[in-house]
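Observations on the three-dimensional arrangement
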Amino acid sequence: MKERIIELADRIEAEMIGWRREIHLNPELGFEEEETAELISRVLTELEIPHQTGIAGTGVVGLIGDSGPVIGIRADMDALPIQEKGDKEYISENDGKMHACGHDGHVATLLGLAKAAVELGDELEGRIKLIFQPAEEGPGGAKPMIEAGALTEPEVDYMLALHIWNDNEVGSVGTRTGGFFASSDEFDLDILTESSHGASPHEGNDAVVVASEVVQALQSVVSRNIDPTDSAVITIGKIEGGYRRNVIADKVRLEATIRALNTEVRELLEKRIKEIIDGVAKTYGADYDLEYRELYPALINNAEVFEKVRESAEEMLGADNFVEIEKPTLGAEDFAYFLQEKPGAMFLVGGRNEAEGITAPHHHPNYDFDEAALKIGLKVMLNTAIKLIAELN
């Protein structure tokens, strides 16, 4: 089977590159991926793969195979609101939008896998559910797709996803067991007080002072409430308030992101943040308006599926090209919702190529990846799916 997968990947590579570039030329933001979904549907129709469109808005779900275990594979479709720079021939044609996180490559890889799986036919000995998901970058398309039934009829047994990753050199595949990506929450806080002239601060109540105290107090949460062996982040990324230098501000807005790697820490962070904000406000006699939003959960890779990914990568690429990632990232990924429902794993496919100057990080105006990652992702993903099907048969 190894030689068969390699032969298929080599033969399909040019088509994957073509699909990737077509998508890259026409990036679409979350829940706006109409033309991307049309491209996916067109390819699946050509491959005679039954599929549904319009799932959770712009999602597409296809099914390969008639019977046997079901492996779900997810690819996210959305782009980012970034103006692309550079001179590559497939640069974005949509002002202010670009594929700066590899999602165009994720879609192309899954389409390539779909073609390879169709050619395998009965050799597959199971079914593959293709899940093309909108809006990973926000507000999050995974949960709406699950609610729309993407994991049922037929019921998915295992879930897989890959992410092209420019921290890693092309030719490598990496992942880890357990916590991999962090949960992501956020809050908007308005501190509300009384204004006065800057020369008469005693006649007002300075929202800037209260906000400053909140920022300082929140720094103690991670350092004094979280076990040092756990990881967590509270970042106040934006502060906005005041009118002019000689006016006491009566309103200051703080906007923050909060990250954690397990549910217990996530819940403790929310509890302490709310307690501190309330306590500081009462101390200063201020009112406040807090909107705390729980976003993506932590992404937890299943240990058994992790081993299948490792075996698959070592078979396809050689043991030296599999990287067991030591530390999780505090970035977030809404594939976590799928892994709350089904055992599975996400793995990273290296996209960096120092020799070719492909080094820009994700979400950067010059981002690109080495397109050899497409073939590598197809080989490891398809081999992993076949291994999981064999495990269930």
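Residues numbered from 1 in each chain as written. Predicted model: local features only at pLDDT ≥ 70, side-chain atom pairs only at ≥ 80, totals over all residues. Heavy atoms only, no water.

1. Focus on the overall build of the chain
Counting its regular elements, the chain contains nine helices and 16 strands. For 393 residues, the compact-globule formula gives about 21 Å, and the C-alpha radius of gyration of the chain, at 24 Å, lands near that figure. Dimensions of the chain along its principal axes, counting C-alpha atoms only, are 80 × 45 × 40 Å. Residue burial in the chain is summarised as follows: out of 393 residues, 53% are buried. If you take every contact in the chain between residues at least 6 apart in sequence, the share linking residues at least 24 apart comes to 81%. Charged side chains of the chain number 36 positive and 74 negative; the gap between the two group centres comes to 3 Å. (Helix = DSSP H or I, 4+ residues; strand = E, 2+ residues; numbered from the N terminus. Rg over C-alpha atoms; globule rule 2.2 N^0.38 Å. Buried < 20%, exposed > 50% of the residue type's maximum accessible area, 1.4 Å probe, protein only. Contact = heavy atoms within 4.5 Å. Lys, Arg positive; Asp, Glu negative; His and termini not counted. Charge placed at Lys NZ, Arg CZ, Asp CG, Glu CD.)

2. What about the sheet that holds strand β8 (residues 183-192)?
Spatial strand order, β10-β12-β8-β13: four strands in an open sheet with antiparallel pairing. Edge positions in the sheet fall to β10 (232-241) and β13 (287-294), since each has one partner strand and no second. For this sheet, the mean inter-axis angle between neighbouring strands, taken without regard to orientation, is 15°. Both β10 and strand β12 (residues 251-260) contribute to a ladder of nine bridges, which runs antiparallel. The residue bridging A232 from the neighbouring strand is A260, located in β12. Where helix α5 (residues 207-225) meets the sheet, its contacts fall on β8, β10 and β12, and the angle it forms with β10 comes to roughly 170°. (Pairing = 2+ DSSP bridges. Axes fitted to C-alpha atoms, helices over the stretch in contact; angles between N-to-C directions.)

3. Side note on the sheet that holds strand β2 (residues 59-64)
Taking strand neighbours across the sheet as the criterion, the eight strands line up as β1-β2-β4-β3-β5-β16-β6-β15 in an open arrangement whose pairing is mixed. This sheet does not close on itself; its edge strands, each paired only once, are β1 (51-55) and β15 (322-324). Neighbour-to-neighbour, the strand axes of the sheet open up by a mean angle of 25°, direction not taken into account. Examined bridge by bridge, strand β6 (residues 173-175) and β15 share three bridges and lie parallel to one another. Its bridge partner lying in β15, V173 is registered against F322. Running over the sheet, helix α7 (residues 303-317) touches β5 (158-169), β6, β15 and β16 (344-352) and is turned about 150° from β15.

4. Considerations on the layout of surface pockets
Its volume calculated, the largest pocket comes out at about 470 Å³. What lines the largest pocket is a set of 21 residues, among which E136, E137, R259, A332 and H363 lie closest to the centre. Counting only elements with at least two residues in the lining of the largest pocket, the list comes to β5, β8 and β12. With three residues, β12 is the single largest residue contributor to the lining of the largest pocket. In this structure, the second largest pocket occupies an estimated 290 Å³ of space. Lining of the second largest pocket is provided by 16 residues; of these, I64, G65, D66, G121 and D122 occupy positions nearest its centre. Looking at side-chain class alone, the lining of the second largest pocket contains eight nonpolar, four polar and four charged residues. (1 Å grid on protein atoms, 1.4 Å probe; cavity = no way out; pocket = protein on both sides within 12 Å on 5 of 7 lines; lining within 4 Å. Points joined across faces, edges and corners; volume = space filled by probe spheres on them. Nonpolar A, V, L, I, M, F, W, Y, C, P; charged D, E, K, R; others polar.)

5. Observations regarding the packing of helix α2 (residues 34-46) against helix α3 (residues 103-120)
Here α2 crosses α3 at 10°, and the two axes come no closer than 10 Å. One finds that α2 runs roughly parallel with respect to α3. Of α3, the residues touching α2 (which contributes L39, I40, V43 and L44) are V107, L111 and A114. Tallied by class, residues from the contact of α2 with α3 come to seven nonpolar, no polar and no charged. (Parallel < 35°, antiparallel > 145°, perpendicular 65-115°, else oblique.)

6. Considerations on the environment of R74
Within the element layout of this structure, R74 appears in strand β3 (residues 70-76). With relative accessibility at 3%, the residue R74 sits in the buried group. Note: C-alpha distance between R74 and I131 (57 residues apart in sequence) is 4.6 Å. For R74, the contacting residues outside a window of four places in its chain are L110, I131, Q133, E136, M159, L160, A161, E333, D334, F335, F338 and M346. A polar contact is formed between the side chain of R74 and the side chain of E333, at a distance of 2.9 Å. One polar contact links R74 to D334, side chain to side chain, over a distance of 2.8 Å. (Polar contact = N/O pair within 3.5 Å; in protein donor to acceptor, adjacent residues only side chain to side chain.)

7. Some words on empty space enclosed by the protein
To find leftover empty space, one rolls a probe the size of a water molecule over the atoms. Per the stated rule, a full pass over the model turns up one cavity of 30 Å³ or more. In this structure, the largest cavity encloses a volume near 50 Å³. Lining the largest cavity, in full, are I73, R74, A75, H106, T109, L110, L162 and M381. Residue assignment for the lining of the largest cavity shows that the elements contributing at least two residues are β3 and α3. Of the residues contributing to the lining of the largest cavity, the split by class is five nonpolar, two polar and one charged.

8. Things to note about unusual backbone geometry
Here the amide bond leading from G138 into P139 is cis, since omega sits at 5°, within 30 degrees of zero. Among the secondary structure elements, P139 is positioned in the loop between β4 (127-133) and α4 (142-147). With phi around 60°, A135 is a residue other than glycine that occupies positive phi space. Considering the arrangement of structural elements, one finds A135 in the loop between β4 and α4. Under the relative-accessibility criterion, A135 is labelled buried at 0%. A positive phi angle, close to 50°, is found at E153, a residue other than glycine.

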